[in-house]
Amino acid sequence: MNGTFTGVTGTTFTTSSLNDGDQVYAIAVQGSCTSLPSNTITVDVDPSPVVVISADRTTVCAGELITFNAVTYNAGAFPTFQWQVNSGSGWTNIPGATGSTYTSSTLNNGDVIRCLVTPSGTGCVGTFASNPITITVNPIPTVTITASATAICEGQTVTFTATPTNAGPTPTLSLIHI
């Protein structure tokens, strides 16, 4: 930032508008007397860390594995990771999910996953959140069958009726003779 900060008085100045390499110094003014410039501080502004996550799929059947991967930018050589889930009541840490990859088979329909990254070896302090990914978990369908009779004479007709659960409004059913 080149120029003078306007409206600055007192001994403390806080800003978030500096650019990499900007130099800041102070002068003191008392009446018509002005001090020599103070020591100069050159500011090193690092780019903000970014974490982007992806999933091998976003729709699964209950119990199926889903794998998430996190890629970081500007987070240093050894950033730390913490995966989180939001099941509708806020973000919570997933115990033990502290690597750049997270795999689960226990997610619920509508769960939202994100990854927090804490950079290392940069001037950036704090934790940075990834993009969120919403997961659709479909229930595994079940089916039962009934028969109009289980003991018949040769040539008699028997009717089998399949009753699906969690199979949607127009399921595809197969009756298999073994």
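Structure: see above.
Residues numbered from 1 in each chain as written. Predicted model: local features only at pLDDT ≥ 70, side-chain atom pairs only at ≥ 80, totals over all residues. Heavy atoms only, no water.

Draft legend 1. Here's a closer look at the overall build of the chain. Within the chain, the regular secondary structure consists of 0 helices and 16 strands. For 178 residues, the compact-globule formula gives about 16 Å, and the C-alpha radius of gyration of the chain, at 31 Å, lies well above that figure. Here the C-alpha coordinates of the chain stretch approximately 120 × 30 × 25 Å along the principal axes. Within the chain, the proportion of its 178 residues that are buried is 20%. Long-range pairs, those at least 24 residues apart, make up 47% of the contacts in the chain between residues at least 6 apart in sequence. (Helix = DSSP H or I, 4+ residues; strand = E, 2+ residues; numbered from the N terminus. Rg over C-alpha atoms; globule rule 2.2 N^0.38 Å. Buried < 20%, exposed > 50% of the residue type's maximum accessible area, 1.4 Å probe, protein only. Contact = heavy atoms within 4.5 Å.)

Draft legend 2. Focus on the nonpolar core. Ranked by size, the top nonpolar core spans 20 residues in total, and within it Phe68, Trp83, Tyr102, Leu107, Ile113 and Ile135 carry the most contacts. Mapped by element, the contributors of at least two residues to this core are strand S5 (50-55), strand S7 (66-73), strand S8 (80-86) and strand S11 (112-118). When near neighbours in sequence (up to four residues on either side) are disregarded, Ile135 contacts Thr58, Ile66, Phe68, Leu107, Asn108, Asn109, Gly110, Asp111 and Ile113. (Core = buried A, V, L, I, M, F, W, Y, C linked by side-chain atoms within 4.5 Å.)

Draft legend 3. Looking closely at the pattern of salt bridges. The final tally for this structure, using the stated rule, is 1 salt bridge. Where Arg57 meets Glu64, a salt bridge forms, and the shortest distance between an N and an O atom there is 3.6 Å. (Salt bridge = Lys/Arg side-chain N within 4 Å of Asp/Glu carboxyl O.)

Draft legend 4. Highlighting the packing of aromatic side chains. Taken as a whole, this structure holds 3 aromatic pairs when the rule is applied. Where Phe68 meets Trp83, the ring centres are 6.1 Å apart and the plane angle is 45°; that geometry is what we call tilted. With Phe68 in strand S7 and Trp83 in strand S8, this pair connects stretches of sequence that are 15 residues apart. Taking relative accessible area as the criterion, Phe68 reaches 0% and is therefore assigned buried. Feature note: the residues Phe68, Trp83 and Tyr102 constitute an aromatic cluster, connected by ring pairs. (Phe/Tyr/Trp six-rings, centres within 6.5 Å; stacked < 30°, edge-to-face > 60°.)

Draft legend 5. Region of interest: the pairing of strand S10 (residues 101-104). The side-chain alternation of S10 yields one buried face, formed by Tyr102 and Ser104, and one unburied face, formed by Thr101 and Thr103. Across 4 bridges, S7 lies against S10 in antiparallel orientation. Residue Phe68 lies in a different strand from S10, and its bridge partner there is Tyr102. (Pairing = 2+ DSSP bridges.)

Draft legend 6. How the structure looks around empty space enclosed by the protein. This model, assessed by the stated rule, comprises 1 cavity of 30 Å³ or more. Each pocket or cavity is described by its volume, and for the largest cavity that value is around 40 Å³. Considering the residues around the largest cavity, the lining is formed by Val60, Cys61, Ala62, Gly63, Glu64, Ile66, Ser104, Ser105, Thr106, Leu107 and Val137. (1 Å grid on protein atoms, 1.4 Å probe; cavity = no way out; pocket = protein on both sides within 12 Å on 5 of 7 lines; lining within 4 Å. Points joined across faces, edges and corners; volume = space filled by probe spheres on them.)

Draft legend 7. Focus on the side chain of Ser130. Structurally, Ser130 can be placed in the loop between strand S12 (128-129) and strand S13 (133-134). Judged by relative accessible area, Ser130 falls into the buried class, the value being 9%. A distance of 2.9 Å separates a polar atom in the side chain of Ser130 from the backbone nitrogen of Cys115. If we skip the residues at most four places from it in the chain, Ser130 touches Val51, Ile53, Arg114 and Cys115. (Polar contact = N/O pair within 3.5 Å; in protein donor to acceptor, adjacent residues only side chain to side chain.)

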